[in-house]
Amino acid sequence: MNNAPIGIYDSGLGGLTVWREVRRALPGESLVYLGDGKNCPYGSRPREEICRLADDAVGTLVDRGCKLIVVACNTATAAAIGFLRRKYATIPIVGMEPAVKPACLATRSGVVGVLATERSLDGELFRRTAARYGRGVQVITAPGRGFVELVENDREQTAEAEACVRRAVEGMLSAGADQIVLGCTHYPFLLPTLKRVVAGRGVTIVDPSPAVANRVGQLLDEFGLHATPDRLPAYEFLTFADEAYRQHLAAKALHSLR
Ligand code: DGL
């Protein structure tokens, strides 16, 4: 079991921002990345549908023999993590937590912005996390409208992307936010654009993916599941879309390591 791969799943290309951090933190581990692609974006789909899609994806990774699974999608985590952990109870499953806690602890202005998909923001997981850590802090949320489509089409560095980002963060910036949480795994691909838009405003951008990679390492320790050092890691990419999309996944993964 130790040399079985870690499975990482997202609606599309976004989870590659988590894949990259897991690969960095755990260079000896083999990884199977499943980017649905066929049903992306998930962001405004009904909860039941996302649950069914997440079940198909996690089931596929389980059939591939994965020893641990990362649901590298905030939207699927919000909709399905409880269900997935019950159904696949013998496999550790790591989900995405909106990084509201570190942002609320770090804010000096008392205003924190959160960017995420509609479905993540109206979910129980986000409401609970914001209520728990956001006491005394003003938490302003906004959906990253168009962000997922920009990333899926490699259009992160365009004027259109800059306009979308500007629109999304306008409200939180004018309210004085000094922390902006990225609550969707696609959004770190827009980091250079986001940094340009908030330049000079004293804003810290919080990306939870390094913390998720850490958590994966802790669970491998806990379950004694680290790969043995005599094996070279392998990286595999899967999708429910077509071969062109699968190749796009592999190329974007490689590009994300630069
Ligand atoms: N990357 C995803 C997330 O973290 C899903 C985005 C989408 O498919 O709408 O929420």
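Let me sum up the structure you'll find in this document.

Calculation rules
Residues numbered from 1 in each chain as written. Predicted model: local features only at pLDDT ≥ 70, side-chain atom pairs only at ≥ 80, totals over all residues. Heavy atoms only, no water. Pairing = 2+ DSSP bridges. Helix = DSSP H or I, 4+ residues; strand = E, 2+ residues; numbered from the N terminus. Contact = heavy atoms within 4.5 Å. Axes fitted to C-alpha atoms, helices over the stretch in contact; angles between N-to-C directions. Salt bridge = Lys/Arg side-chain N within 4 Å of Asp/Glu carboxyl O. Buried < 20%, exposed > 50% of the residue type's maximum accessible area, 1.4 Å probe, protein only. Polar contact = N/O pair within 3.5 Å; in protein donor to acceptor, adjacent residues only side chain to side chain.

1. A closer look at the sheet that holds strand β1 (residues 6-10)
As summarised here, the arrangement of the five strands in space is β4-β3-β1-β2-β9, forming an open sheet in which the pairing is parallel. With one partner strand each, in any of the chains shown, β4 (93-94) and β9 (235-239) form the two edges of the open sheet. Strand direction decides the pairing type here: strand β2 (residues 31-35) and β9, joined by five bridges, are parallel. Bridged to Y33 within β9 is F237. Against the sheet, helix α2 (residues 47-63) engages β1, β2, β3 (68-71) and β4, with an angle of about 160° to β1.

2. So, the pattern of salt bridges
Scanning the entire structure with this criterion turns up 17 salt bridges. For R24, the salt bridge identified is with E21, shortest N-O distance 3.0 Å. You can see R24 and its partner E21 sitting in helix α1 (residues 16-25), three residues apart, about one turn around the helix. A salt bridge links D122 to R119; its shortest N-O distance comes to 2.6 Å. Judged by its relative accessible area of 13%, R119 is buried. When salt bridges that share partners are traced, they join R20, E21 and R24 into one network.

3. Brief notes about the sheet that holds strand β6 (residues 138-143)
Across the sheet, four strands lie side by side as β6-β5-β7-β8; this open sheet has parallel pairing. Single-partner strands in this sheet number two, and they are β6 and β8 (204-206). Along the sheet, successive strands turn relative to each other by an average axial angle of 25°, direction set aside. Summarising the sheet, strand β5 (residues 111-116) and β6 pair through six bridges and their orientation is parallel. Across the sheet, V114 pairs through a bridge with T141, a residue of β6. The sheet strands contacting helix α9 (residues 191-198) are β7 (179-182) and β8, and the helix crosses β8 at an angle near 150°.

4. Details of the side chain of T193
Structurally, T193 is set in helix α9. Separated by 2.8 Å, the side chain of T193 and the backbone oxygen of E156 make a polar contact. If near-sequence neighbours (up to four positions away) are discounted, T193 is found in contact with E156, Q157, A161, E162 and V165.

All we've got here are geometric facts, nothing functional implied.
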